[in-house]
Amino acid sequence: MANYDTFIVMNINQDVTLPNTPLPIVIIGAGGIVKDAHLPAYQLTGFPVKGIYNRTQEKAEALKNEFPFVEKVYNSIPELIVDAKSCNAVYDIALPANHNCEILEQIPEGSAVLIQKPMGETLEEAKQILDICRRKKFVSGINFQLRYAPYIMAARDLIKKGVLGDVYDVEVMVCVFTPWHLWDFLFDLPRMEILYHSIHYLDMIRSFLGNPKKVYASSIKHPKMKALAQTRTTMILDYDDCLQARVITNHGHEFGLEKQQSYVKFEGTKGAIKIRIGLSMDYPKGVPDTFEYINLEDKAPKWKELPLKGSWFPEAFVGTMAGVQNSYLDPTIPLLHSTEDCYETMKLVEAAYQSSEKGGVAFSEIK
């Protein structure tokens, strides 16, 4: 069995396919996600960044100073577009979701575009983004990067190889203390937790299981975080008689790291996987990720650990950009996180909010 275990560990894919000759990238936006994830990912992989634009130019200049491989800072979006056209660059839009339509309308037809999640702040905005991308014939994807985290890639490969048998249960549990003050714009939104956090889990679950038949959800405030629309969510996704997924999040666990939890667990008829998503714990510092799996067909089944080749930040951001570039360079390569597919994730988000707003039975009604 030792040789078999070694074979499994050495042959589980955690890597995305990179373009043979990466296209240059132009970035619109210079916020924290660009600093913490986009630019580190592109630097790690060797993706060339032609330049960056931000309405507050000082922020773009600061990022260029921190990441010298960024060639220039643009004074305007029209200047960026002229440069992008000259070198066939990919547009990386990293702005609050309500600015996406305005920017997309300015980008030339037929371009390659990666749009930061979420795909709009409402389903209506998501449909507008989809319509623009269709009309302008973009090769366009949404930056739902959790799909491409090394541990999710590994889980997908283990499941594909049959190690788990038939998957019947997926569970995401997040009980952490999240420093929401790092994102000021979230405090003005009528929808927050699902739209800006749990959306990652919904999209990841969809990438494994597809769309559910039914959605049950409740998303509410925290008594010490009342300025935010919601910070705690429970969602149940039913697929058939035996297949279910659950997402449970509590961002107000202020009682120390010891009892915090952040994991995704897959259970199947032959085995299981449990992944600790360390980034969410003690954010933004995080704790190490772990990947454990078990197969009931082993002679002496026990949990084993799989070494990981990176984490959510920044490695997963390589996958979303690589996917757009590969599909743009070779249209026969499917873009798994296309705007078409990610619109389905936005429909799932809408279903969860509608369930939270309209669902539930008052106990007083039971006689």
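The coordinates are above.
Think of each chain on its own: its residues are numbered from 1, step by step along the sequence as written. Note on the predicted model: pLDDT of at least 70 is required for a residue's local features to be given, and 80 or more for side-chain atom pairs to be given and counted; whole-chain, interface and lining totals, by contrast, use all residues. Hydrogens and water molecules were not included; the side-chain quantities draw on all heavy atoms of the structure.

Q: Kindly report on the layout of surface pockets, identifying the contributing residues and their values.
A: The rule is simple: put a 1 Å grid over the protein atoms alone, call a set of points where a 1.4 Å probe fits but cannot get out a cavity, call an open set with protein on both sides within 12 Å along at least five of seven lines a pocket, and count a residue as lining if it has an atom within 4 Å of a point. Grid points are joined across faces, edges and corners, and a volume is the space filled by probe spheres set on the points. Of the volumes computed, that of the largest pocket is approximately 1,300 Å³. What lines the largest pocket is a set of 44 residues, and nearest its centre among them are G31, G32, I33, W183 and F185. By the criteria applied, helices consist of DSSP H or I runs no shorter than four residues and strands consist of E runs no shorter than two, each listed in order from the N terminus. Breaking the lining of the largest pocket down by element, the ones donating at least two residues are α2 (32-45), α5 (100-104), α8 (193-209) and α9 (312-329). Of the residues that constitute the lining of the largest pocket, the class distribution is 24 nonpolar, 14 polar and six charged. Roughly 390 Å³ of volume is contained in the second largest pocket. Residue polarity is assigned by list, with Asp, Glu, Lys and Arg as charged and Ala, Val, Leu, Ile, Met, Phe, Trp, Tyr, Cys and Pro as nonpolar; anything else, Gly included, falls into the polar class.

Q: Give a detailed account of empty space enclosed by the protein, specifying residues and quantitative values.
A: Any empty space left between atoms is shown by rolling a water-sized probe over those atoms. Overall, the coordinates contain two cavities of 30 Å³ or more when judged by the stated rule. Space inside the second largest cavity adds up to approximately 30 Å³. Lining the second largest cavity, in full, are E121, T122, L123, R191, L195, M346, V349 and E350. Considering every element that reaches the lining of the second largest cavity, the biggest residue donor is helix α10 (residues 339-358), with three residues. When its residues are assigned to classes, the lining of the second largest cavity shows four nonpolar, one polar and three charged.

Q: Please set out the sheet that holds strand β1 (residues 25-28) residue by residue, giving values where relevant.
A: Here we have six strands laid out as an open sheet, ordered β3-β2-β1-β4-β5-β6, and parallel in their pairing. Here the strands that pair on one side only, and so sit at the sheet edges, are β3 (72-73) and β6 (139-142). Only when DSSP finds a minimum of two bridges between them are two strands counted as paired. Taken together, the four bridges between β1 and strand β2 (residues 49-53) define a ladder with parallel strand orientation. Along β2, the bridge assignment pairs I28 with Y53. Any two residues whose heavy atoms approach within 4.5 Å at even a single point are treated as in contact. Between N-to-C directions, angles span 0 to 180 degrees; the directions come from axes that are lines fitted to C-alpha atoms, helices contributing only their stretch in contact. Helix α4 (residues 77-87) rests against β1, β2, β3 and β4 (90-93) of the sheet, and its axis sits at about 165° to β1.

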